[in-house]
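Topology and contacts: notes
Spelled out, the chains give:
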Amino acid sequence: MIVLGIESTAHTFGVGIVDDSKKRANKVLANVKDSYTTKKGGMIPSKAADHHAEICGKVLRGALEKAGQAKGKEELDMKDVDVIAYSQSPGIGHCLRIGAMAARSLAVKHNKPIVGVNHCIAHLEIGRLVTKAKNPVLLYLSGANTQVIAYEGKKYRIFGETLDMGIGNFLDSFARDLGLGFPGGPVVEKMAKKVKGSDKYVELPYSVKGMDMNFGGMLTNLKQKIKSGKFKKEDLCFSVQETAFAMMVEVAERALAHCDKSELLLGGGVACNKRLQEMCDKMCKARGAKMYVPANEFLVDNAGMIAWLGLLQHKAGDKLKIEKADIKPYIRTDEIEVKWRKD
Ligand code: AMP
Ligand code: MG
């Protein structure tokens, strides 16, 4: 079966195509995307939506070409696509609407079934596909989302999350205040690497409340430190990583213990960070668990994961009427009925 998926929850518009035939080791035929960015970071939702509307045709053609080449043809024909999937929840309304509209248009024009997908669960399912993790706890760290998710009692449940901003947005704001440009996460990582020795650590507010965390207090504290001019940029970058990542590792570890699971899967753009991966790996090894990290292409927002979850849902009998193919910007993962898992 071949499924074409569309991602458009936030800054990224993507088209992914997957094929689950048994003889194919690499199930993802195409994973093409184009992201809306601004020099200073930040996002105006209507502008991001304009970007998505503008490039959706180009991204779609690119994906059909890529998928065709993977099958030894010039281009994949829409006739060969069995199902259209799209990110239905959660996300920014303006952006989601463009993806849903593109999906409905394709479904109607080519007379294909349509399926709506939850973006957070898609991160988890693509991770299971490409890493072979079986029943992991997902540490999902992206621009807007910071959540610890696991499958329990037939649902994907959120065991811990940020109470204010997402870790990625936090790192981007901090980097902007330091004058490091956008996106900030990768630059903060590079600066932090310059620091040798933990004696350069600058004390910052560490805020874990039960299974949840927040970053607003740390950001305010950092603004004051930057303003004082008393601290070296690289020392602050190093300290931010050590503090914020330790908070998330703590929550992830408690989720592993609580759910009695032994696999930690990483997802989201911030999970590309090597220091974060190192800290997670250390924690996992200490408790006899295993860490799984998908390739960066599948960590960041992508449409391959939307196509893959669409395929799982369609095969489990998920049917969506075209007039019900709407968007659900605020839905939570535990509101989704998980029909595709048998455990
Ligand atoms: P996403 O929303 O999942 O596409 O992730 C985007 C976020 O990931 C942005 O906030 C980036 O700053 C952040 N990011 C990307 N690469 C890294 C990295 N190496 N270290 C930390 N954050 C990163
Ligand atoms: Mg994401």
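Residues numbered from 1 in each chain as written. Chains lettered and ligands numbered in written order. Predicted model: local features only at pLDDT ≥ 70, side-chain atom pairs only at ≥ 80, totals over all residues. Heavy atoms only, no water.

1. Observations concerning the site of ligand 1
- Neighbouring ligand 1 are 16 residues; Gly-143, Asp-172, Glu-189, Gly-269 and Asn-273 lie closest to it.
- Within the backbone of Gly-185, one N or O atom sits 3.0 Å away from an oxygen atom of ligand 1.
- Considered on its own, ligand 1 offers 510 Å² of accessible surface; in the complex 89% of this is hidden by protein.
- Comparing atom positions with the cavity grids shows ligand 1 to sit within the largest pocket.
- Looking at the shell around ligand 1, the elements with two or more residues in it are α4 (167-178) and α5 (184-193).
- The element that contributes the greatest number of residues to the shell around ligand 1 is α5, accounting for four residues.
- Residues that form the shell around ligand 1 fall into these classes: four nonpolar, nine polar and three charged. (Near = heavy atom within 4 Å. Polar contact = N/O pair within 3.5 Å; in protein donor to acceptor, adjacent residues only side chain to side chain. Areas by Shrake-Rupley, 256 points an atom, 1.4 Å probe, with all protein chains shown as cover. 1 Å grid on protein atoms, 1.4 Å probe; cavity = no way out; pocket = protein on both sides within 12 Å on 5 of 7 lines; lining within 4 Å. Sits in = over half its atoms within 2 Å of the grid points. Helix = DSSP H or I, 4+ residues; strand = E, 2+ residues; numbered from the N terminus. Nonpolar A, V, L, I, M, F, W, Y, C, P; charged D, E, K, R; others polar.)

2. Examining helix α2 (residues 93-110)
- Taking 1.5 Å per residue as the helical rise, α2 with its 18 residues ought to reach 26 Å, and the 26 Å between its terminal C-alpha atoms agrees with that figure.
- The set of residues buried in α2 consists of Gly-93, Cys-95, Leu-96, Ile-98, Gly-99, Ala-100, Ala-102, Ala-103, Leu-106 and Ala-107.
- Among the structural elements, β1 (2-7), β2 (12-19), α1 (45-70), β4 (83-89) and β5 (114-118) are those in contact with the buried residues of α2.
- Count one or two residues on from α2 and you reach Asn-111, which has phi positive near 55°. (Expected span 1.5 Å × (residues − 1). Buried < 20%, exposed > 50% of the residue type's maximum accessible area, 1.4 Å probe, protein only. Contact = heavy atoms within 4.5 Å.)

3. With respect to the domain arrangement of the protein chain
- When the domains of the protein chain are assigned, the result is domain 1 (2-125 + 299-335) and domain 2 (133-295).
- Using only C-alpha atoms to locate each centre, domain 1 and domain 2 end up separated by 27 Å.
- Across the contact, 18 residues belong to domain 1 and 22 residues belong to domain 2.
- With both chains or domains summed, domain 1 and domain 2 bury close to 1,700 Å², and 63% of this area falls on carbon and sulfur atoms.
- Looking only at domain 1, the three residues that lose the most surface to domain 2 are Leu-124, Leu-299 and Asp-334, adding up to 42% of its buried area.
- Seen at the junction of domain 1 and domain 2, the total is one salt bridge.
- When the shortest N-O distance is used, the salt bridge between Arg-332 and Glu-161 registers 2.8 Å.
- Taken together, the connections running from domain 1 to domain 2 amount to nine residue pairs in polar contact (both at pLDDT 80 or more). (Domains from an automatic or database assignment. Buried area = accessible area lost by both parts, 1.4 Å probe. Salt bridge = Lys/Arg side-chain N within 4 Å of Asp/Glu carboxyl O.)

4. A word on the packing of aromatic side chains
- Within this structure, the stated rule accounts for three aromatic pairs.
- Between Tyr-156 and Trp-340, the ring centres sit 6.4 Å apart and the planes meet at 25°, which makes this aromatic pair stacked. Here the residue Tyr-156 occupies a position in strand β8 (residues 155-161), and Trp-340 occupies one in the segment after α10 (304-315), the gap between them amounting to 184 residues.
- A relative accessible area of 1% means that Tyr-156 is categorised as buried.
- On the accessibility criterion, Trp-340 (13% relative accessible area) is buried.
- Here Phe-170 and Phe-215 contribute two aromatic rings whose centre-to-centre distance is 5.2 Å and whose plane-to-plane angle is 25°, an arrangement assigned as stacked. Linking Phe-170 in helix α4 with Phe-215 in the loop between β10 (212-213) and α6 (216-228), this pair joins segments that are 45 residues apart in sequence. (Phe/Tyr/Trp six-rings, centres within 6.5 Å; stacked < 30°, edge-to-face > 60°.)

5. Some words on unusual backbone geometry
- For the bond running from Phe-182 to Pro-183, omega is -5°, close enough to zero to count as cis.
- Mapping Pro-183 onto the fold places it in the loop between α4 and α5.
- We note that Lys-132 has phi near 70°; this positive angle belongs to a residue other than glycine.
- Secondary-structure assignment places Lys-132 in the loop between α3 (119-131) and β6 (137-141).

6. Looking at the sheet that holds β1
- Taken together, five strands build an open sheet; the order of strands is β3-β2-β1-β4-β5 and the sheet is mixed. A strand with exactly one partner marks an edge of an open sheet, and here the two such strands are β3 (28-35) and β5. Adjacent strand axes in the sheet meet at a mean angle of 20°, parallel and antiparallel pairs treated alike.
- Of the strand pairs in this sheet, β4 and β5 are connected by five bridges, and their pairing is parallel. Each bridged residue has a counterpart across the sheet, and for Ser-89 the counterpart in β5 is Asn-118.
- Contacting β1, β2 and β3, α1 runs over the sheet at an angle of about 155° to β3. (Pairing = 2+ DSSP bridges. Axes fitted to C-alpha atoms, helices over the stretch in contact; angles between N-to-C directions.)

7. Regarding α1
- The sharpest bend along α1 comes to roughly 50°, located at Ile-55.
- Residues of α1 that are buried: Ala-48, Ala-49, His-51, His-52, Ile-55, Val-59, Leu-60, Ala-63, Leu-64, Ala-67 and Gly-68.
- In this structure, the buried residues of α1 make contact with β1, β2, β3 and α2.
- Of the residues flanking the end of α1, it is Gly-72, one or two places downstream, whose phi is positive at about 75°. (Bend = angle between axes of the 7 residues up to and from the residue.)

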